[in-house]
Amino acid sequence: MKSIDLSGKTAIVTGSGQGIGRATAEALHDAGANIVINYFEDAEGKNRELAEGVVSDLADRAISLPADVRHPDQLDHMVAKTVGTFGSLDILVNNAGILRDRSFKKMSQQEWQDVIDTNLTGVFNSCKSAVEHLAENGAIVNVASLSAVTGFFGQANYAAAKAA
């Protein structure tokens with residue numbers, strides 16, 4: 001199997017403090033890329049702690065930057081800081097996402113909106129912030145879910161966002 005060489009390339013992985021985002025960031029780093037571990041600032045500081053843990057584990061060519069994908073200004077700042085630090089942006093992985101599972105009958109308007117704003121509009125916002133800085137032949141990867149095609153009970157909001 002031929003390995004991928006991403007030496008000199010830079011990737012932002014949104015929501016990369018844990019789970020699929022972390023694994024994606026680690027794989028890109030192992031291939032030689034500079035990595036931005038993105039996280040959403042929470043009151044307890046848990047997300048920052050997770051992101052900084054990933055950076056520590058990677059040891060080099062990695063930084064953590066906060067940005068809420070629901071806020072274009074924060075994403076613009078993150079992208080500018082990425083390009084300022086590493087000189088380019090070659091890969092954007094839209095991984096950030098949330099769940100607010102509840103049966104449709106009991107789902108509040110806010111639960112619907114929170115998931116749509118993060119999982120759908122957040123992808124648009126991230127792409128919009130990155131596209132002006134994305135290197136020629138750069139790549140944008142949007143992480144979807146099996147819920148997009150099959151749907152699961154209590155995930156009307158999540159399935160709609162991931163299918164879109």
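Heads up: these notes are all about the structure in this document. This one's a predicted model, so the numbers in the text were calculated from it and none came from an experiment.

Some thoughts on the nonpolar core
The biggest cluster of nonpolar side chains holds 17 residues, and the ones touching the most others in it are Leu-6, Leu-28, Ile-35, Ile-37 and Ile-91. The set of elements that each furnish at least two residues to this core consists of strand S1 (10-13), helix H1 (19-30), strand S2 (34-39), helix H2 (46-58) and strand S4 (89-94). Looking at this core element by element, the count peaks at four residues for H2. Setting aside residues no more than four positions away along its own chain, Leu-6 makes contact with Leu-28, Ala-31, Gly-32, Ala-33 and Ile-91. Of all hydrophobic cores here, the second largest spans 14 residues; its members include Ile-12, Leu-65, Val-69 and Leu-92.

Description of a nonpolar patch on the surface
On the surface, Leu-146, Val-149 and Phe-152 cluster together into a nonpolar patch covering about 330 Å² of accessible area. When you line up the elements, Phe-152 lands in the loop between strand S5 (134-142) and helix H5 (156-163). The exposure class of Phe-152 is partly exposed, given its relative accessible area of 44%.

A word on the environment of Val-83
Secondary-structure assignment places Val-83 in helix H3 (residues 72-86). If sequence neighbours within four positions are ignored, Val-83 has contacts with Ser-88, Leu-89 and His-133.

Focus: the sheet that holds strand S3 (residues 62-66)
The pairing of strands in a sheet comes from backbone hydrogen bonds and takes either a parallel or an antiparallel form. Strand order in this open sheet of five strands is S3-S2-S1-S4-S5, and the pairing throughout is parallel. The sheet terminates laterally at S3 and S5, the two strands that pair on one side only. Averaged over all adjacent pairs, the angle separating strand axes in this sheet is 20°, with direction ignored. Here S2 runs beside S3; their pairing, made up of five bridges, is parallel. What sits directly across from Val-36, in S3, is Ile-63. In the packing of H2 onto the sheet, contacts are made with S2 and S3, and the angle to S2 comes to roughly 165°. Against the sheet, helix H4 (residues 109-131) makes contact with S4 and S5, and its axis sits at roughly 175° relative to S4, the strand it touches most.

Cut-offs used in this document
- Residues numbered from 1 in each chain as written.
- Predicted model: local features only at pLDDT ≥ 70, side-chain atom pairs only at ≥ 80, totals over all residues.
- Heavy atoms only, no water.
- Core = buried A, V, L, I, M, F, W, Y, C linked by side-chain atoms within 4.5 Å.
- Buried < 20%, exposed > 50% of the residue type's maximum accessible area, 1.4 Å probe, protein only.
- Helix = DSSP H or I, 4+ residues; strand = E, 2+ residues; numbered from the N terminus.
- Contact = heavy atoms within 4.5 Å.
- Patch = residues over 30% accessible without salt bridge, like charges linked within 9 Å, V, L, I, M, F, W, Y side chains within 5 Å.
- Areas by Shrake-Rupley, 256 points an atom, 1.4 Å probe, with all protein chains shown as cover.
- Salt bridge = Lys/Arg side-chain N within 4 Å of Asp/Glu carboxyl O.
- Pairing = 2+ DSSP bridges.
- Axes fitted to C-alpha atoms, helices over the stretch in contact; angles between N-to-C directions.

Coordinates in, geometry out; function isn't part of it.
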